[in-house]
Amino acid sequence: MATKKHGLILGATALASMAVVVAGTSIHWSQSQAFFRESPKEVIDEVWQVIEHEYVDETFNDQDWQAVRNDYLNRDYTDSGTAYEAIREMLDTLNDPYTRFMDPQEFRNMQIDTSGKLTGVGIQISQDEETEEIVVVSPIEDTPAFEAGLRPGDVIVSIDGEATEGMDLSDAVNLIRGPVDSEVTLTVVRDEEEINFDLVRANIEIHPVRYAYHPEAEGGVGYIRLTQFSANASAEMREAIQELEMRDVTGYVLDLRSNPGGLLYSSIDISRMWLNDGTIVSTVNREGTVDENVAGSRALTDKPLVVLVDGGSASASEILSGALQDNNRATLVGTTTFGKGLVQSVQSLGDGSGVAVTIAKYITPSGRDINSLGIEPDFIVELSDEEREYLSEDRERIGTLEDPQYEKAIEVLNDMIRGQREAASVSGVTVN
């Protein structure tokens with residue numbers, strides 16, 4: 001008997017490297033108990049059973065799901081490859097790009113992601129639900145894609161000359177992925193202009209947290225940039241906050257821009273570092289069952305906090321920013337986030353393949369369903385193309401006063417600190 005293995009990932013995107021991330025959503029890992037040695041039909045039936053018992057839409061896109069099973073099991077399959085093609089065809093009938101099948105290699109690639117060690121070009125991509133375009137959610141810092149200047153919102157129209165029109169998201173990932181030091185050319189459309197990016201694939205070890213002490217008008221500010229909710233993000237965030245607290249900062253700027261998401265438990269752990277009480281996130285399945293995650297009185301600091309977000313802030317980033325905003329713990333600055341609020345279960349199958357199935361959605365503490373809508377910041381600060389280009393030329397400018405969104409965050413934070421001091425002086429309490 002195989003044992004069950006549990007874990008959670010957020011997302012509705014794919015990572016174009018040796019790992020695949022399903023971001024904007026929470027993902028539940030398990031391992032099936034079936035073994036497939038006789039007939040390819042068995043893996044088809046197991047996928048059908050997963051959808052039957054877990055899929056969020058109990059109408060299965062207004063179709064007779066039992067009839068679908070009969071149709072596919074009454075066909076003849078010569079090998080696993082033809083069965084896999086049938087599974088993908090069967091899942092396409094749900095009209096849900098995030099419910100998808102992964103062959104054994106694709107599934108192994110996906111599992112690698114949670115280690116924080118990747119091989120590839122380092123971009124998170126998604127497939128637009130309406131246009132089916134392959135869209136860049138965000139490049140990961142210190143990767144070939146980031147260094148080359150790929151941006152959130154870039155539409156990938158071809159990969160090594162092969163058009164992506166009508167292409168499945170997983171096929172796009174497989175084309176972008178490849179051996180270290182090999183090359184891949186991505187052609188993107190940005191503001192109606194077609195741009196070619198020649199990228200060299202590389203080994204990528206992700207350290208998701210960077211932090212610094214910045215002296216400002218109202219005292220020292222702790223600047224923390226979180227680029228991904230990977231397995232080591234919680235530990236690195238805890239270290240950053242503790243180090244900055246020892247320097248007696250007066251407030252914080254938490255930068256979630258271009259953070260495409262990652263592990264659900266990481267986003268919850270990090271939320272608890274900033275929140276003493278209150279709801280963090282809730283999930284609702286097709287029966288309406290609500291699974292609520294709450295803070296646990298373990299906050300590491302209660303000092304004023306401003307969070308930077310943009311269109312590349314997705315899934316786990318939206319859980320964290322939504323929780324902090326709804327609980328009045330932080331003020332958000334930047335632009336509206338990506339808008340991915342679907343919950344997926346990812347399950348391994350008996351032949352080593354896997355299936356991701358949408359099972360629920362997540363909502364913020366105030367009850368906001370952010371899927372497709374995103375989180376709107378309290379202060380909207382758009383970057384012009386010239387400002388984006390300026391920052392991309394030297395990433396050391398990000399998170400400094402040369403960064404217009406950060407500059408606004410410092411302005412807001414200083415106002416918050418002054419307001420807190422004034423309120424404390426009236427009550428006779430000393431505030432550093």
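Residues numbered from 1 in each chain as written. Predicted model: local features only at pLDDT ≥ 70, side-chain atom pairs only at ≥ 80, totals over all residues. Heavy atoms only, no water.

Trainee: Can you break down the overall build of the chain residue by residue, with the values?
Mentor: Helix and strand counts for the chain stand at eleven helices and 21 strands. Residues counted as buried form 56% of the 432 residues belonging to the chain. The contacts in the chain between residues at least 6 apart in sequence include a share of 69% that link residues at least 24 apart. Per element, the accessible surface of the chain, about 18,300 Å² overall, is 45% carbon and sulfur. (Helix = DSSP H or I, 4+ residues; strand = E, 2+ residues; numbered from the N terminus. Buried < 20%, exposed > 50% of the residue type's maximum accessible area, 1.4 Å probe, protein only. Contact = heavy atoms within 4.5 Å. Areas by Shrake-Rupley, 256 points an atom, 1.4 Å probe, with all protein chains shown as cover.)

Trainee: Could you give me a rundown of the sheet that holds strand 13 (residues 219-226), with the residues and numbers involved?
Mentor: The strand order across the open sheet built from six strands is 12-13-14-17-18-21, with neighbouring strands paired in mixed fashion. Strands with a single pairing partner mark the edges of an open sheet, and in this sheet they are strand 12 (209-216) and strand 21 (379-380). Of the strand pairs in this sheet, strand 14 (residues 251-255) and strand 17 (residues 305-309) are connected by four bridges, and their pairing is parallel. Bridged to Asp-255 within strand 17 is Leu-308. Each of strand 12, strand 13 and strand 14 is contacted by helix 7 (residues 233-246), which is oriented at about 20° to strand 12, the strand it contacts most. (Pairing = 2+ DSSP bridges. Axes fitted to C-alpha atoms, helices over the stretch in contact; angles between N-to-C directions.)

Trainee: If you had to explain the packing of helix 1 (residues 41-54) against helix 3 (residues 80-92) to someone new, which residues and values would you point to?
Mentor: At their nearest, the axes of helix 1 and helix 3 sit 9 Å apart, and the two run at 20° to each other. For the element pair helix 1 / helix 3, the angle class is roughly parallel. The two elements helix 1 and helix 3 cross, and the hand of that crossing is right-handed. Touching Val-43, Ile-44, Val-47, Trp-48 and Ile-51 of helix 1 are Ala-83, Tyr-84, Ala-86, Ile-87, Met-90 and Leu-91, all from helix 3. Here the contact of helix 1 with helix 3 is composed, by residue class, of eleven nonpolar, no polar and no charged. (Parallel < 35°, antiparallel > 145°, perpendicular 65-115°, else oblique. Left-handed = near helix turned anticlockwise from the far one by under 90°. Nonpolar A, V, L, I, M, F, W, Y, C, P; charged D, E, K, R; others polar.)

Trainee: Which residues make up helix 2 (residues 65-73), and what values do they have?
Mentor: Every buried residue belonging to helix 2 is among Trp-65, Val-68, Tyr-72 and Leu-73, and all of these are buried. Along helix 2, the residues classed as buried sweep out an arc of 120° about the axis, all on the same side. On its buried face, helix 2 sits against helix 1 and helix 3. You can read the cap of helix 2 off the contacts: a side-chain oxygen lies 3.1 Å from the backbone nitrogen of Gln-66, and it is on Asp-64. (Arc of directions from axis to C-beta. Polar contact = N/O pair within 3.5 Å; in protein donor to acceptor, adjacent residues only side chain to side chain.)

Trainee: Explain the pairing of strand 13 to me, and be specific about the residues and the numbers.
Mentor: Remember that side chains alternate between the two faces of the sheet whenever the strand is regular. The element strand 13 is extensively covered by neighbouring structure, given that seven of its eight residues are classed as buried. Note: strand 12 against strand 13, eight bridges, orientation antiparallel. Paired with Val-209 across the bridge in strand 13 is Leu-226. Connecting the antiparallel pair strand 12 and strand 13 is a turn made up of two residues. Note: strand 13 against strand 14, five bridges, orientation parallel. Considered in strand 14, the bridge of Val-221 is made with Gly-251. A crossover connection joins strand 13 to the parallel strand 14 through helix 7; in handedness this β-α-β unit is right-handed. (Right-handed = clockwise from strand over helix to strand, strands pointing away.)

Trainee: For the environment of Ser-282, give the residues involved together with the corresponding values.
Mentor: Mapped onto the secondary structure, Ser-282 falls in strand 15 (residues 279-285). For Ser-282, a relative accessible area of 6% gives the class buried. With eleven residues separating them in the primary sequence, Ser-282 and Asn-293 have C-alpha atoms 6.2 Å apart. In contact with Ser-282, not counting residues within four places along its chain, are Val-290, Asp-291, Glu-292, Lys-361, Tyr-362 and Ile-363.

Trainee: So, the environment of Tyr-98: which residues are in play, and what are the values?
Mentor: Inspection of the secondary structure puts Tyr-98 in the loop between helix 3 and strand 4 (100-102). The exposure class of Tyr-98 is buried, given its relative accessible area of 2%. On a C-alpha basis, the gap between Tyr-98 and Glu-129 in space is 9.4 Å, while along the polypeptide they are 31 residues apart.

Trainee: Can you lay out the side chain of Glu-218 for me, pointing to particular residues and giving the numbers?
Mentor: Among the secondary structure elements, Glu-218 is positioned in the loop between strand 12 and strand 13. Looking at Glu-218, the relative accessible area reads 15%, which means it is buried. For Glu-218, the residues in contact, after removing those within four places along its chain, are Thr-250, Asn-414, Ile-417, Arg-418 and Arg-421.

Trainee: Would you mind going over the pairing of strand 7 (residues 155-159) in detail, with residue names and values included?
Mentor: Of all five residues in strand 7, four are buried; the element is thus mostly enclosed. Judged from the two bridges that link them, strand 6 (residues 134-139) and strand 7 form a sheet pairing that is antiparallel. When the sheet's bridge partners are listed, Ile-134 is paired in strand 7 with Ile-156. Direction of pairing for strand 7 relative to strand 9 (residues 183-190): antiparallel, over a ladder of four bridges. Of the residues in strand 9, the one forming a bridge with Ile-159 is Leu-186. Sheet topology places strand 7 next to strand 8 (residues 162-163); two bridges connect them, and they run antiparallel. Pairing of Ile-159 across the sheet is with Glu-162, part of strand 8.

Trainee: Quick one: what's the story with the nonpolar core, residue by residue and with numbers?
Mentor: In this structure, Ile-44, Ile-224, Met-237, Leu-254 and Trp-274 are the most contacted members of the largest nonpolar core, which totals 62 residues. Not counting residues within four places of it along the chain, the set of residues in contact with Trp-274 comprises Ile-224, Met-237, Ile-241, Tyr-252, Leu-254, Ala-299, Thr-301, Leu-305, Leu-324 and Arg-329. Of all hydrophobic cores here, the second largest spans 20 residues; its members include Ile-123, Ile-125, Leu-186 and Leu-199. (Core = buried A, V, L, I, M, F, W, Y, C linked by side-chain atoms within 4.5 Å.)

Everything listed here is a matter of coordinates, which is why it stays silent on function.
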